[in-house]
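This is what each chain is made of:
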Amino acid sequence: METIQVTLPDGAKREVPRGTTPAQIAKEISPRLAKEALVARTNGDLIDLSRPLDHDTSLAILTAKDPDAVQVFRHSAAHLLAAAVMELYPGVKLGIGPPIDYGFFYEFVRPEPFTPEDLAKIEAKMHELAAKDIPNERKMIPKPEALELYRKSNQEFKCELVEEKAQEPMVSFYTTGKFIDFCRGPHIPSTGRIKAFKLMNVGGAYWKGQEGNPQMQRIYGACFVDQKELDEYLHKLEEAKRRDHRRLGTELDLFSIQDEAGPGLIFWHPKGGIIRKQMEDWLRTELIRHGYDLVFTPHIMRLHLWQISGHTDFYRSSMFGPMEVEKDEYQLKPMNCPGHILIYKSRLRSYRELPVRLAELGTVYRYERSGVLHGLLRVRGFTQDDAHIFCMPDQIEKEIQDCIEFAWEVLRVFGFDRYEVELSAGDPSRPQDYPGTPEEWRHAENALMNTLKRMNVPHKIIPGEGAFYGPKIDVKLVDAIGRPWQLTTVQFDFNLPRRFKLEYVGEDGSRHQPLMVHRALWGSIERFFGVLIEQYAGAFPAWLAPVQASVLPLSEKTIEYARKVTQQLKDAGFRAHLDDRNEKLQAKIRDAQLEKIPYMLIIGGKEAEAGTVAVRHRAKGDLGPRPLEQFIADLQQEIASRAIV
Ligand SMILES: [Zn+2]
Ligand SMILES: [Zn+2]
């Protein structure tokens with residue numbers, strides 16, 4: 001008997017008869033592997049477990065642990081969807097049906113739109129077909145026969161695909177019971193494993209994504225190998241909806257975007273405004289503590305400045321158009337850097353002054369297409385917590401370390417304990433794309449890398465992703481439901497110091513060019529505020545909460561005392577509110593809960609007599625009565641420590 005040699009991932013080699021399938025080999029390895037196997041990989045290609053092996057090859061049996069195998073599983077689920085739809089609505093025309101990162105879709109043409117009731121019916125049919133454990137079988141059909149098959153069944157989109165994609169005389173198809181599909185595969189062996197899925201929605205799309213082509217109805221499904229993973233995914237989706245900063249921004253009256261004013265422009269309402277003030281106060285204090293100087297620069301400056309900086313060459317598509325003033329052109333600023341550079345350049349600097357750290361809560365305007373705007377996260381006008389550091393080469397590592405430590409402080413204070421760090425380096429094969437010599441790049445990249453290593457910060461290195469003017473470190477925080485958000489960025493710049501001819505007088509008495517670092521911790525106040533709303537689900541910690549305590553008199557009789565309590569809270573520096581509406585206590589509590597006010601102080605006859613307050617916390621519930629002075633001291637402590645409760 002003829003044999004072939006199969007090399008397994010651990011290097012073990014097996015002699016097997018030619019024609020043995022990966023499924024058979026999986027069974028020999030272990031019954032458990034055979035049960036969990038989804039698909040196989042030979043010499044880099046994914047193949048069906050039932051495909052006979054006909055030459056020496058490497059072989060990996062893939063289970064749900066392999067992301068590629070999960071995508072194959074989802075692709076099979078897409079076929080299951082199409083099989084169910086064809087059984088329920090036989091006249092429907094088929095488009096494409098690929099896996100996507102959380103599941104799959106399949107697209108159809110049908111005169112009537114699919115309704116939610118249809119989706120429920122289709123989902124039930126999918127479960128029915130899955131339970132029958134129908135095999136997914138590969139069939140090779142001559143191309144003319146394949147075209148004929150689709151012509152006869154009026155599947156013109158499939159005809160088009162066969163015409164375009166089939167290069168060989170034989171075309172590969174997959175069948176699932178009565179359902180047949182032109183498909184390269186591979187697929188999982190049968191439908192029985194597909195249990196954890198949910199049809200999510202129907203979306204419109206043009207055939208092949210091209211405007212003017214026929215409209216397809218895409219049915220989207222979430223799909224995982226494990227029910228637990230699907231449940232987690234659906235839960236996360238619910239949580240994301242519950243935390244959506246756009247909805248909470250309206251409900252809590254924090255901010256708005258006004259159509260009359262234009263898209264992507266943020267109006268901070270009083271309650272959002274007070275939160276912003278707290279955030280800014282904290283940041284400004286910390287900036288000064290970290291040795292930054294605070295500056296302010298104009299919002300419009302001569303276009304000429306942006307020509308020197310190179311923004312008109314490299315950044316024009318993100319800038320609002322210039323405006324003419326007295327025959328000169330002015331530009332709304334998209335970045336703060338040139339402004340800070342002019343301050344640095346306003347006089348000759350000595351090495352003794354370096355590093356110079358200029359910080360500004362600088363409002364910039366960028367032209368973003370209206371289609372990509374998204375609440376507070378993607379806007380056209382925003383305020384960066386921007387800073388530029390000018391220093392000597394031997395100071396750079398210390399400066400970078402300070403930036404990273406400052407970023408950690410931000411994460412800690414605002415209650416994030418997970419983060420991801422990326423170092424974006426230059427592409428060494430394309431030095432012509434970058435300003436700065438290859439040696440300078442290496443020096444800069446080493447400085448960034450050494451700092452991260454010395455600080456023991458786990459990080460990913462991404463070559464070729466550096467900004468065009470230098471390498472950078474990006475910190476992404478991970479929020480309460482596991483989503484990463486790009487915030488902090490620390491970027492080297494070889495470009496601007498050269499373009500603006502920046503100098504300092506060195507110890508040797510001669511002139512040198514300083515290094516320049518751009519850095520932002522929050523990125524922008526708007527974006528960070530959006531992230532915070534979602535992180536806290538609108539329930540801001542007491543130090544940030546627009547109203548920290550709501551005083552709720554039980555009745556008319558205690559209103560006088562309630563008024564006194566409110567005044568005392570205000571005198572102590574708290575943001576307190578008296579709810580003196582003629583409402584039942586339950587209604588007042590409910591409203592305070594909806595507003596996510598941290599503390600409710602309930603004032604009844606007993607409290608008025610004893611000079612106490614009955615304390616209720618929005619999350620912990622009733623905490624019982626205590627003297628007002630006690631409450632004030634406790635809240636002061638909570639606010640001073642910026643506790644997150
Ligand atoms: Zn397919
Ligand atoms: Zn900058």
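To be clear, the structure that these remarks concern was listed above.
Note that this is a predicted model, so its numbers are computed, not measured.

**Q** Could you give me a rundown of the overall build of the chain, with the residues and numbers involved?
**A** Helices and strands together make up the secondary structure of the chain, namely 20 helices and 34 strands. Once the C-alpha set of the chain is aligned to its principal axes, its extents read approximately 90 × 80 × 55 Å. Of all 645 residues assigned to the chain, the portion counted as buried reaches 52%. Long-range pairs, those at least 24 residues apart, make up 68% of the contacts in the chain with a sequence separation of at least 6.

**Q** Describe the coordination of the zinc ion (ligand 2), listing the residues and the values that go with them.
**A** Tetrahedral coordination by four donors places them ideally at 109.5 degrees to one another around the metal; octahedral coordination by six donors ideally gives 90 or 180 degrees. On the protein side, the zinc ion (ligand 2) has Cys337 (SG), His388 (NE2) and His518 (ND1) as donor atoms, found 2.0 to 2.3 Å from it. Taken in chain order, the donor set of the zinc ion (ligand 2) reads C-x50-H-x129-H. Residue cysteine 337 is found in helix H12 (residues 337-345), and its partner histidine 518 is found in strand S29 (residues 515-524); the two are separated by 181 residues along the sequence. Note on accessibility: cysteine 337 and histidine 518 belong to one class, buried.

**Q** Got a sec to walk through the coordination of the zinc ion (ligand 1)? Specific residues and values, please.
**A** Protein-derived ligands of the zinc ion (ligand 1) are His75 (NE2), His79 (NE2) and Cys183 (SG), with the metal-ligand distances lying across 2.1 to 2.4 Å. Exposure remark for cysteine 183: the relative accessible area of 7% places this residue in the buried category.

**Q** How would you sum up the pattern of salt bridges? Please name residues and give values.
**A** Going through the model one piece at a time under the given rule, you end up with 49 salt bridges. Here arginine 246 and aspartate 244 are joined by a salt bridge, their closest N and O atoms 2.8 Å apart. Arginine 246 gets classed as partly exposed once you look at its relative accessible area, which sits at 39%. The buried category is assigned to aspartate 244, whose relative accessible area is 17%.

**Q** For the sheet that holds strand S32 (residues 599-603), give the residues involved together with the corresponding values.
**A** Strands pair in a sheet through their backbones, by hydrogen bonds, and they do so in one of two ways: parallel or antiparallel. Strand order in this open sheet of 5 strands is S31-S30-S32-S33-S34, and the pairing throughout is mixed. If you trace the sheet from one side to the other, it starts and ends with strand S31 (576-578) and strand S34 (621-627), each paired once. Here the average twist between neighbouring strands, direction ignored, is 25°. Relative to S31, strand S30 (residues 549-553) runs parallel, the two being bridged by 3 bridges. Note on S31: the bridge partner recorded for alanine 549 is alanine 576.

**Q** An account of the sheet that holds strand S20 (residues 328-332) is needed here, citing residue identities and associated values.
**A** Taking strand neighbours across the sheet as the criterion, the 3 strands line up as S18-S20-S19 in an open arrangement whose pairing is antiparallel. Bordering the open sheet on either side are strand S18 (300-302) and strand S19 (323-325), each of which pairs with just one other strand. Here the strands of the sheet are splayed against their neighbours by 40° on average, with no regard to which way each runs. Looking at chain direction, S19 and S20 are connected through 3 bridges and run antiparallel. Note that in S20 the partner of glutamate 324 across the bridge is glutamate 329.

**Q** Which residues make up the packing of helix H5 (residues 143-152) against helix H6 (residues 156-165), and what values do they have?
**A** Where H5 contacts H6, the axes come no closer than 8 Å and their chain directions differ by 165°. Here H5 lies roughly antiparallel to H6, going by the angle between them. Once H5 is placed against H6, the crossing between them reads as left-handed. Between H5 and H6, the residues in contact are Lys143, Ala146, Leu147, Tyr150 and Arg151 and Lys158, Cys159, Val162 and Glu163, respectively. Looking at the contact of H5 with H6, its residues break down into 5 nonpolar, no polar and 4 charged.

**Q** Which residues make up helix H17 (residues 559-571), and what values go with them?
**A** The end-to-end C-alpha distance of H17 is 18 Å, a good match for the 18 Å that 13 residues give at a rise of 1.5 Å each. When H17 is considered as a whole, its buried residues turn out to be Ile559, Tyr561, Ala562, Val565, Thr566 and Leu569. Angularly, the buried residues of H17 cover 155° about the axis, an arc narrow enough to put them on a single face. Residues of H17 that are exposed and angled more than 90 degrees away from the buried face: Lys564 and Asp571. Turning to H17, the residues buried within the fold contact S30, S31, S32, helix H19 (605-610), strand S33 (612-617) and helix H20 (628-640).

**Q** Any chance you could break down a nonpolar patch on the surface for me, citing the residues and the numbers?
**A** Residues Ile300, Met323 and Val325 make up a contiguous nonpolar surface patch of about 210 Å² in total accessible area. Examined against the element boundaries, valine 325 turns out to sit in strand S19.

**Q** Before we move on, can you summarise unusual backbone geometry with the specific residues and values?
**A** In this model, glycine 185 is joined to proline 186 through a cis peptide bond whose omega is 0°. In this structure, proline 355 follows leucine 354 across a cis peptide bond, with omega equal to -5°. Inspection of the secondary structure puts proline 355 in the loop between H12 and strand S21 (356-365). With phi around 60°, lysine 208 is a residue other than glycine that occupies positive phi space. By secondary structure assignment, the location of lysine 208 is in the loop between strand S13 (197-206) and strand S14 (215-223). A relative accessible area of 34% places lysine 208 in the partly exposed class. You will see that asparagine 456, though not glycine, has its phi angle at about 60°, which is positive. Structurally, asparagine 456 can be placed in the loop between helix H14 (438-454) and strand S24 (460-462). Assessed through its relative accessible area of 68%, asparagine 456 is described here as exposed.

Rules used throughout
Residues numbered from 1 in each chain as written. Chains lettered and ligands numbered in written order. Predicted model: local features only at pLDDT ≥ 70, side-chain atom pairs only at ≥ 80, totals over all residues. Heavy atoms only, no water. Helix = DSSP H or I, 4+ residues; strand = E, 2+ residues; numbered from the N terminus. Buried < 20%, exposed > 50% of the residue type's maximum accessible area, 1.4 Å probe, protein only. Contact = heavy atoms within 4.5 Å. Donors = N, O, S within 2.8 Å, 3.2 Å for Na, K, Ca; no water. Salt bridge = Lys/Arg side-chain N within 4 Å of Asp/Glu carboxyl O. Pairing = 2+ DSSP bridges. Axes fitted to C-alpha atoms, helices over the stretch in contact; angles between N-to-C directions. Parallel < 35°, antiparallel > 145°, perpendicular 65-115°, else oblique. Left-handed = near helix turned anticlockwise from the far one by under 90°. Nonpolar A, V, L, I, M, F, W, Y, C, P; charged D, E, K, R; others polar. Expected span 1.5 Å × (residues − 1). Arc of directions from axis to C-beta. Patch = residues over 30% accessible without salt bridge, like charges linked within 9 Å, V, L, I, M, F, W, Y side chains within 5 Å. Areas by Shrake-Rupley, 256 points an atom, 1.4 Å probe, with all protein chains shown as cover.

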